[in-house]
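The residues making up each chain are set out below.
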Amino acid sequence: MRRRACGLLACLAAISVVPAAERASAASSPYASISRSDRARIHDLLGWGVDALQVHMLESGQLLRFSYRVVDATRAQVLTDKSAEPNLYDERAHAVLVVPVMDQIGKLRQTQPAENGKIYWIVFSNKGSVVRRGDRVSVVIADFRADGLIVE
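Since the model is a prediction, treat every value here as computed from it, not as a measurement. (Residues numbered from 1 in each chain as written. Predicted model: local features only at pLDDT ≥ 70, side-chain atom pairs only at ≥ 80, totals over all residues. Heavy atoms only, no water.)

Asker: Help me understand the pairing of strand S4 (residues 95–98) in this model?
Answerer: Sheet faces and side chains relate simply in a regular strand, where the side chains alternate between the two faces. Going residue by residue along S4, you find Ala95 and Leu97 tucked away on one face and Val96 and Val98 left uncovered on the opposite face. Inspection of the sheet shows strand S3 (residues 87–90) paired to S4 by four bridges, in the antiparallel sense. Each bridged residue has a counterpart across the sheet, and for Leu88 the counterpart in S4 is Leu97. The antiparallel pairing of S3 with S4 creates a hairpin that spans four residues between the two strands, and His94 there sits at a positive phi of about 55°. (Buried < 20%, exposed > 50% of the residue type's maximum accessible area, 1.4 Å probe, protein only. Helix = DSSP H or I, 4+ residues; strand = E, 2+ residues; numbered from the N terminus. Pairing = 2+ DSSP bridges.)

Asker: What is the right way to look at the packing of aromatic side chains in this model?
Answerer: The relation between two aromatic rings is expressed through the spacing of the ring centres and the mutual angle of the planes. Enumeration according to the criterion identifies three aromatic pairs in this entry. Note on Phe66 and Tyr68: the rings are 5.6 Å apart at their centroids and 35° apart in plane angle, and the pair reads as tilted. Look at Tyr68 and Tyr120: their rings are 5.9 Å apart centre to centre, the planes differ by 20°, and that puts the pair in the stacked class. Of this pair, Tyr68 sits in strand S2 (residues 63–70) while Tyr120 sits in strand S7 (residues 119–125), and the two are 52 residues apart along the sequence. Tyr120 sits in the buried class, given a relative accessible area of 1%. Three or more aromatic residues link up through ring pairs in this structure, and these residues are Phe66, Tyr68 and Tyr120. (Phe/Tyr/Trp six-rings, centres within 6.5 Å; stacked < 30°, edge-to-face > 60°.)

Asker: Any chance you could explain the sheet that holds S4 here in plain terms?
Answerer: Each strand in a sheet pairs with another by means of backbone hydrogen bonds, the pair being arranged parallel or else antiparallel. The strand order across the open sheet built from four strands is S4-S3-S8-S9, with neighbouring strands paired in antiparallel fashion. Of all the strands in the sheet, just S4 and strand S9 (144–150) have a single pairing partner and so form its edges. Across the sheet, the mean angle separating the axes of adjacent strands is 20° when strand polarity is ignored. Bridge count for strand S8 (residues 136–141) against S9 is five bridges, and the pairing is antiparallel. Across the sheet, Ile141 pairs through a bridge with Phe144, a residue of S9. (Axes fitted to C-alpha atoms, helices over the stretch in contact; angles between N-to-C directions.)

Asker: Please clarify how the pairing of strand S1 (residues 50–57) should be interpreted in this entry.
Answerer: Where S1 meets S2, six bridges bridge the pair, whose relative direction is antiparallel. The partner of Val50 across the bridge, within S2, is Val70. Hairpin remark: S1 followed by S2, antiparallel, with five residues in the connecting loop; positive phi at Gly61, about 85°.

Shown next, in the form of structure tokens:
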């Protein structure tokens, strides 16, 4: 019995201790932190006239901001269409986030006609902090779909 206890203590002493900061960063996302593939970027650019797709969590964690830069305004019109309802899907939590509507402002998204070179944004409600930093999400607006975006 005593030999087992000594062996157990020796094993525990040999295990390296990982700092809490490293454990927290490794545990925050089950996915590798990679950017979107070149094929996905080319598809967005040629098919929808947009690039630089990003999803950022705002300071409170209760809102997510999807932003994109318009390269071809005629192809990007579907993203600024007022009748199209944007949704953000979280693969980990299996959640669908929508654009919140403010009483005096309206929907928290830009709907003016797209112009080349401008950056546009859409805000999604993340009530309850369902989506977390590092999660992979998809943004769907009418026929437009951007998969595999990582929440920063």
